[in-house]
Amino acid sequence: IMMLSDPEVESAVLISSDEGASFEKHPINFNILSLLFHPAQENWILAYSHDSKLYSSMDFGRKWQLVHDNVMPGRFYWAVMGLDKESDVVHIETRIAKGRAQYVKCRAQRCTDGNRQYLFPGYVDTNSLVVQDEYVFTQVTKSGRASYFVSYMRESFKRMKLPKYCLPKDMHIISTDEKQVFAAVQEWNQNNTYSLYISDSPGVYFTLSLENLRTSRGPAGNLLVDFYKVEGINGMYLANKLVDNHIKTFITYNKGQTWALLPGPSTDVAGNNLHCILPFCSLHLHLEMLENPYTSGPITSKKSVPGIIVATGNIGTELSSTNLGMFITSDAGNSWRQIFDEEHNIWFLDNGGALLAVLHAATPIRHLWISLDEGKKWDRHSFSLAPLYVDGVLMEPESDNHIITFFGHFSHRSEWQLIKIDYKGLFSRRCMDGDYQTWHLHNKGELCVMGERQIFMKRRPGNRCMLVQDYSRIYSSEPCLCTTYDFECDYGWERQADGKCSPAFWFNPNGAAKTCSSSQSFLNSTGYRKVLSNNCKEAGRNVYSPRRQACRPRPPRGLRLSTNQGELSAPVGSNVTFMVYLEDGDSLRTSIQLDFGDGIKITYSNLSRTDDGIMHIYRTTGIYRVTASAENSQGSDSSTLFLHITSPVERVYLSVPIVAIRGKEANLTAVVWPSHTRTLTFFWWFDNSSEPIITLEGSISYTFQREGKNKVTVQVASGSTVMQDSKVITVKEFFRSLLLSFSPALDEHNPDIPEWREDIGRVVRAALSQVHGVPILLVSLYPGLPTTAELFILPDEHTASEHKRGSEEALETISDIFVTALNQGLIQFELKADTRIIVYMTQQTLAPLVDSNSIHSGSAMLMLLTVVFVGLAAFFIYKFKRKIPWIHVQTEDSHEKEPEVISTVGQNDNMSKVKLTEFPSPKELMAKDLEARSLGSFSRTTTQSTHPAALKNG
């Protein structure tokens, strides 16, 4: 026994080795806030102090040694037996600065500087380290976005891959059972709910299982998720989900592949018919876990009695906190019975063969209830002469000891009372073979559950015999043929209404990275991955399992270069570690060259030799163009970053037109978060230029002289931080464009980030390409809501300048085809299984667009309206020139002035001389636009009239 003294009196531990008959006092020089005992060595203890220091003792608290200081509370863990090489290893999260920490691994009694291991490359977020079973989790937040990392079986950390547009705000690990991770993730568009995601074995690739899980906060602020694993039945879980502002309870038998409502009981506890019909009425259960370990909680199940679940809940359209009753199922959730119309605490007795129920009440009680037939009949027993406030029940689980102990108090002023009950007298003998019966596990009549047919054994209800502790619960098990729902959709694939898995709109299965080893082949996903612990067997041709394909020589593609910290700046003289990644290509046969930009280059024979990063030290300050090049017999690729010293900027986005006119100025804008005023330096890099254009403003006008694709990179420097964004601009002599809008449903799924806009643009371009095989189509989505885009129709790259007129006419014809298709609603794409988006034409624009900003300016709209007005005037002049001998156009003040002769119209010699009102030239319009910009913002987020959709009614 260990007791802690009152720290206000003295700092000491009191230790007894004779069951409390005597105690030894051992003074300590710190105050203990919490203790963590070793899972296997009973004398090994970790103690956390009030000043954030961690101490260890290997002799049950008699001697203590400092392990580490600046330790985050609750973020220290003992070794996991069988995974960590030494059993005295400690995993610690130490605070470095505000919001930043390090993951440290060392031995409890030898955690000196030289013996510490830093297994994660870089800093992590505070309060993010979790060590659980085979996994180590941590989190890193940069530019406002969190990235999550996992180490499986103590191997190197890998980034956890959630679906591309999940964009998590928060993540909590629910379970790591069976070498699989269940995670509750709060997505970008969720506030009070979380979504359930399930991983593969290494915990890297996650797929969605259930959306909008109900959550709450515990007394200490910890997240509580309404998610419950049913003991004794493989793959069976319960969850509470928000559906149309109603909380409903769902059940799954296949580890989250399909979910269904719980059927309500046919009668209440009094035998009255309930008429609860799915889906309008169902059973809803409370799944939260209580803080008090000596009460049963609202739901309980036991591995020794598979199929039996007892829970608190209600019947109706949603979960309620009133009119609660107790419900039981004996067939693993397929049917339910009501056993009490008040809330009770219920425990399993006799290895699950009997049930003990105690009324959950604020008043004292003196009776308990016991059932030997799965809750069909209850016998009342008196356990105390005087009513007792029951605070908890103690029992020894999985034991032949038939003793339970009630503890509580007779009144609020009385001392604790312990009442020991021996319930062995309820049984007359031990159970024999004839006392058991079998039952078939099923899911609404389907006998194949988790890929096998299982028959369980249980005691015949009502037999008063004691269960043998180690009797086999599973009578027989036989594998089934695999079906679609024995597999979960692989990463990047989504379940459709017919149960099949199809690629998500953002995922290209043919572009997935395939790493070929020396075996000259690899396993290519079919879109399915088998549910872990599912035992089905595939018959004949394996439809779902990955298929082995031969490795074909591929050119390097998707080469990425970064620093290990993701930073684009470093102090002079420090070690900078560069990481080189190749998305696709034969990595074993691809050589890598890294040019550090300071006259030093290094070459590796293959990419695998750079797994640990490439270190380099810069001796002088400056801006360095660092280039990584990958080359093999099939081709080459390169990636560039610019490294220098700057100060903090959180995020930068380069806003450029995706198409520009050769020889005409194009406006480029760097948008920076948070907003800065003249405190930033902007570095503009165009193609392979050796020197950037440096500005102090976030906008620049640039004239492209070369047709084709031109890459633009902007870097924003502030203090010691540098961030960059790159875009590719297609430069042409001429083009045509159409403004597009979409079904309103697309706005509900728009997170308003560049990656999403690029993916949607790619999908729209693919849909448009099916209408007409034009040479080049580009689609650019604009930021903000509602979602709008612009379609650019470009001439063929090989069109000669002398054929310009013919090509313009051809583009005009193609533009008319798209206008017809868009007006008829023929351009559509599928966003999700139940969401189809229609693309419409908003307004046709004239080409060439000289001033092609991604956000249309006020001057552009004024210019458009001017051209339309001139066209209408010319039309009316032509239409009526034969009927009207002359036209007199007069302004309001022309009564006082003699009109100036500009031109004469008509057929008679006696023509009236008129002055036609002149429109400003394009240059004058641009000047007016610049003047307007100096008076007020034309930002798209603040001025509705600048939005392309404003042209709808124009």
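Just so it is clear, the structure is predicted and the values come from calculations on it, not from any experiment.

Q: Can you help me understand the overall build of the protein chain in this one?
A: Helices and strands together make up the secondary structure of the protein chain, namely five helices and 68 strands. Here the analysis covers contacts within the protein chain between residues at least 6 apart in sequence; of these, 52% occur between residues at least 24 apart. A total accessible area of about 49,000 Å² is found for the protein chain, and carbon and sulfur atoms account for 50% of it.

Q: Looking at this model, I keep getting lost on the sheet that holds strand E31 (residues 354-359). Mind explaining?
A: Strands belonging to one sheet form pairs held by backbone hydrogen bonds; the direction of such a pair is parallel or antiparallel. Taken in spatial order, the four strands of this open sheet run E30-E31-E32-E33, and their pairing is antiparallel. The two strands at the open ends of the sheet, each matched to only one other strand, are strand E30 (344-349) and strand E33 (379-382). Within the sheet, the average angular offset between the axes of one strand and its neighbour, ignoring direction, is 30°. Inspection of the sheet shows strand E32 (residues 367-371) paired to E33 by four bridges, in the antiparallel sense. By the bridge assignment for E33, Ile370 is matched with Asp379.

Q: What am I meant to see in the state of the cysteines here?
A: Linking two cysteines covalently via their sulfur atoms produces the bond known as a disulfide. Counted by the stated rule, this structure contains six disulfides. Covalent S-S linkage joins Cys489 and Cys501, the inter-sulfur distance amounting to 2.0 Å. Residues Cys489 and Cys501 are joined through a disulfide that is left-handed, its torsion about the S-S bond being -85°. On the criterion of sequence distance, the pair formed by Cys489 in strand E43 (residues 487-489) and Cys501 in strand E45 (residues 501-503) is long-range, its members being 12 residues apart. Each member of the pair Cys489 and Cys501 is classed as buried.

Q: It is not clear to me how the sheet that holds strand E1 (residues 2-4) should be interpreted in this structure. Could you clarify?
A: Overall, antiparallel pairing links the three strands, which are arranged E1-E2-E3 in an open sheet. Each of the sheet's edge strands pairs with one partner strand only, and the pair in question is E1 and strand E3 (24-27). When strand polarity is set aside, the average angle formed by the axes of neighbouring strands in this sheet is 25°. As defined by bridge partners, E1 adjoins strand E2 (residues 12-15) across three bridges and the pair is classed as antiparallel. Counted as the bridge partner of Met3 is Leu14 from E2.

Q: Just checking my understanding: could you explain the side chain of Asn240 for this structure?
A: Among the structural elements, Asn240 can be located in strand E22 (residues 237-243). A residue is classified by how much of its surface remains accessible, and Asn240, at 0% relative accessible area, is buried.

Q: Help me understand the packing of aromatic side chains, please; the structure alone is not making it clear to me.
A: For any two aromatic rings, the description comes down to two numbers: the centre-to-centre distance and the angle of the planes. In this structure the tally under the stated criterion is 36 aromatic pairs. Ring centres of Tyr205 and Tyr491 lie 5.1 Å apart, and the angle between their planes is 55°; this geometry places the pair in the tilted category. With Tyr205 in the loop between strand E18 (193-199) and strand E19 (206-217) and Tyr491 in the loop between E43 and strand E44 (493-495), this pair connects stretches of sequence that are 286 residues apart. When its relative accessible area of 17% is taken as the criterion, Tyr491 is described as buried. Here the aromatic residues Tyr103, Phe120, Phe149 and Phe157 are joined through ring pairs into a cluster of three or more.

Q: Mind showing me how you'd approach helix H2 (residues 754-769) here?
A: Owing to its 3.6 residues per turn, the α-helix aligns residues three or four sequence positions apart on the same side. Spanning 16 residues, H2 covers 22 Å between terminal C-alpha atoms, matching the ideal 22 Å at 1.5 Å per step. Every buried residue of H2 is listed here: Pro754, Trp756, Arg757, Asp759, Ile760, Gly761, Val763, Val764, Ala767 and Leu768.

Q: So what exactly am I meant to see when it comes to a positive patch on the surface here?
A: There is a patch of like positive charges on the surface, built from Arg100, Lys142, Arg159 and Lys161. Within the secondary structure, Arg159 sits in strand E15 (residues 158-159).

Q: Explanation requested: the environment of Thr176 in the structure shown.
A: In this fold, Thr176 is placed in the loop between strand E16 (170-175) and strand E17 (182-186). You can call Thr176 buried: its relative accessible area is 1%. Residues Thr176 and Asp133, 43 residues apart in the sequence, show an inter-C-alpha distance of 6.8 Å. With sequence-adjacent residues up to four places away left out, Thr176 is seen in contact with Gln132, Asp133, Glu134, Tyr135, Phe137 and Val181. Here the side chain of Thr176 touches Gln132 through a polar contact of 3.2 Å, side chain to side chain.

Q: Before we go on, may I ask you to explain a nonpolar patch on the surface in this structure?
A: Together, Ile1, Met3 and Phe23 line one region of the surface with nonpolar side chains, adding up to about 270 Å² of accessible area. Along the polypeptide, Phe23 turns up in the loop between E2 and E3.

Q: Would you explain the side chain of Thr484 in this entry?
A: Relative to the helices and strands, Thr484 is located in the loop between strand E42 (474-479) and E43. The exposure class of Thr484 is buried, given its relative accessible area of 17%. Excluding its chain neighbours within four sequence positions, the residues that come into contact with Thr484 are Arg495, Gly499, Lys500, Tyr528 and Tyr544.

Q: Can you walk me through the pattern of salt bridges in this structure?
A: When charged atoms on two side chains of opposite charge get close, those side chains can pair. A full pass over the atoms with the stated rule returns 25 salt bridges. Note that Glu24 is salt-bridged to Arg62, the shortest N-O span being 3.8 Å. Pair noted here: Glu24 is in strand E3 and Arg62 is in the loop between strand E6 (54-57) and strand E7 (65-68), with a separation of 38 residues, a long-range link. Residue classification places Glu24 among the partly exposed residues on the basis of a relative accessible area of 42%. For Arg62, a relative accessible area of 30% puts it in the partly exposed group. Put simply, Lys255 and Glu178 hold a salt bridge, and the shortest N to O gap is 2.5 Å. Within this pair, whereas Lys255 is found in the loop between strand E23 (246-252) and strand E24 (260-261), its partner Glu178 is found in the loop between E16 and E17, the two being separated by 77 residues in sequence. Each of Asp177, Glu178, Lys229 and Lys255 takes part in salt bridges that share partners, so that together they form one network.

Q: What should I look at first to understand unusual backbone geometry in this one?
A: Along the chain, Leu278 connects to Pro279 via a cis peptide bond; the corresponding omega equals 0°. In this structure, Pro279 sits in the loop between E24 and strand E25 (282-285). For Met153, which is not glycine, the phi torsion reads 55° and is therefore positive. Residue placement: Met153 occurs in the loop between strand E14 (145-152) and E15. On the basis of relative accessible area, Met153 is assigned to the partly exposed category, the value being 35%.

Q: I would appreciate a short explanation of the pairing of strand E52 (residues 601-604) in the present structure.
A: Looking down a regular strand, the side chains alternate between one sheet face and the other. One ladder, built from four bridges, connects strand E51 (residues 591-595) with E52; its direction is antiparallel. In the strand pairing of E52, Leu594 is matched with Ile602. Linking E51 to E52, which pair antiparallel, is a turn of five residues; within it Gly597 sits at a positive phi near 85°.

Q: In this structure, what is going on with the nonpolar core? I would like to understand it.
A: In summary, soluble globular proteins display a tendency toward joint burial of nonpolar side chains. Membership of the largest hydrophobic core comes to 44 residues, with the highest contact counts inside it found for Ile760, Leu768, Leu791 and Phe829. Among the elements of the structure, E43, strand E64 (736-742), H2, strand E65 (776-781), strand E66 (788-794), helix H3 (804-823), strand E67 (828-832) and strand E68 (835-845) are those that each provide at least two residues to this core. Both domains that meet at this core, namely domain 3 (481-552) and domain 6 (736-799 + 806-845), each give it at least three residues. Counting 28 residues, the second largest nonpolar core, distinct from the first, contains Tyr77, Ala101, Phe157 and Ala183.

Q: What exactly am I supposed to notice about the confidence of the model for the protein chain here?
A: Regions with low pLDDT should not have their predicted coordinates read in detail. For the protein chain, mean pLDDT is 83; residues scoring 70 or higher make up 83% of the total. Note on residues 845-868: pLDDT under 50 across the span, and 50 contacts to partners over four residues away in sequence or across chains. Note on residues 876-954: pLDDT under 50 across the span, and 83 contacts to partners over four residues away in sequence or across chains.

Q: How should the environment of His367 be read in this particular structure?
A: With respect to the helices, strands and loops of the structure, His367 is situated in strand E32. For His367, a relative accessible area of 24% translates into the label partly exposed. Dropping the residues within four chain positions of it, His367 is found in contact with Arg380, His381, Ser382 and Phe383.

Q: What is the right way to read the pairing of E30 from this model?
A: When you tally the buried positions in E30, you get six out of six residues, the bulk of the element. The side-chain alternation of E30 yields two buried faces, one formed by His344, Ile346 and Phe348 and the other by Asn345, Trp347 and Leu349. In the sheet, E30 pairs with E31 via six bridges, with the strands oriented antiparallel. Bridge pairing in E31 links Leu349 to Ala354. If you look at the hairpin formed by E30 and E31, you'll find four residues sitting between the two strands, and Asp350 has a positive phi there, around 50°.

The rules behind these values
Residues numbered from 1 in each chain as written. Predicted model: local features only at pLDDT ≥ 70, side-chain atom pairs only at ≥ 80, totals over all residues. Heavy atoms only, no water. Helix = DSSP H or I, 4+ residues; strand = E, 2+ residues; numbered from the N terminus. Contact = heavy atoms within 4.5 Å. Areas by Shrake-Rupley, 256 points an atom, 1.4 Å probe, with all protein chains shown as cover. Pairing = 2+ DSSP bridges. Axes fitted to C-alpha atoms, helices over the stretch in contact; angles between N-to-C directions. Disulfide = S-S within 2.5 Å. Buried < 20%, exposed > 50% of the residue type's maximum accessible area, 1.4 Å probe, protein only. Phe/Tyr/Trp six-rings, centres within 6.5 Å; stacked < 30°, edge-to-face > 60°. Expected span 1.5 Å × (residues − 1). Patch = residues over 30% accessible without salt bridge, like charges linked within 9 Å, V, L, I, M, F, W, Y side chains within 5 Å. Salt bridge = Lys/Arg side-chain N within 4 Å of Asp/Glu carboxyl O. Lys, Arg positive; Asp, Glu negative; His and termini not counted. Charge placed at Lys NZ, Arg CZ, Asp CG, Glu CD. Polar contact = N/O pair within 3.5 Å; in protein donor to acceptor, adjacent residues only side chain to side chain. Core = buried A, V, L, I, M, F, W, Y, C linked by side-chain atoms within 4.5 Å. Domains from an automatic or database assignment. pLDDT = per-residue confidence, 0-100.

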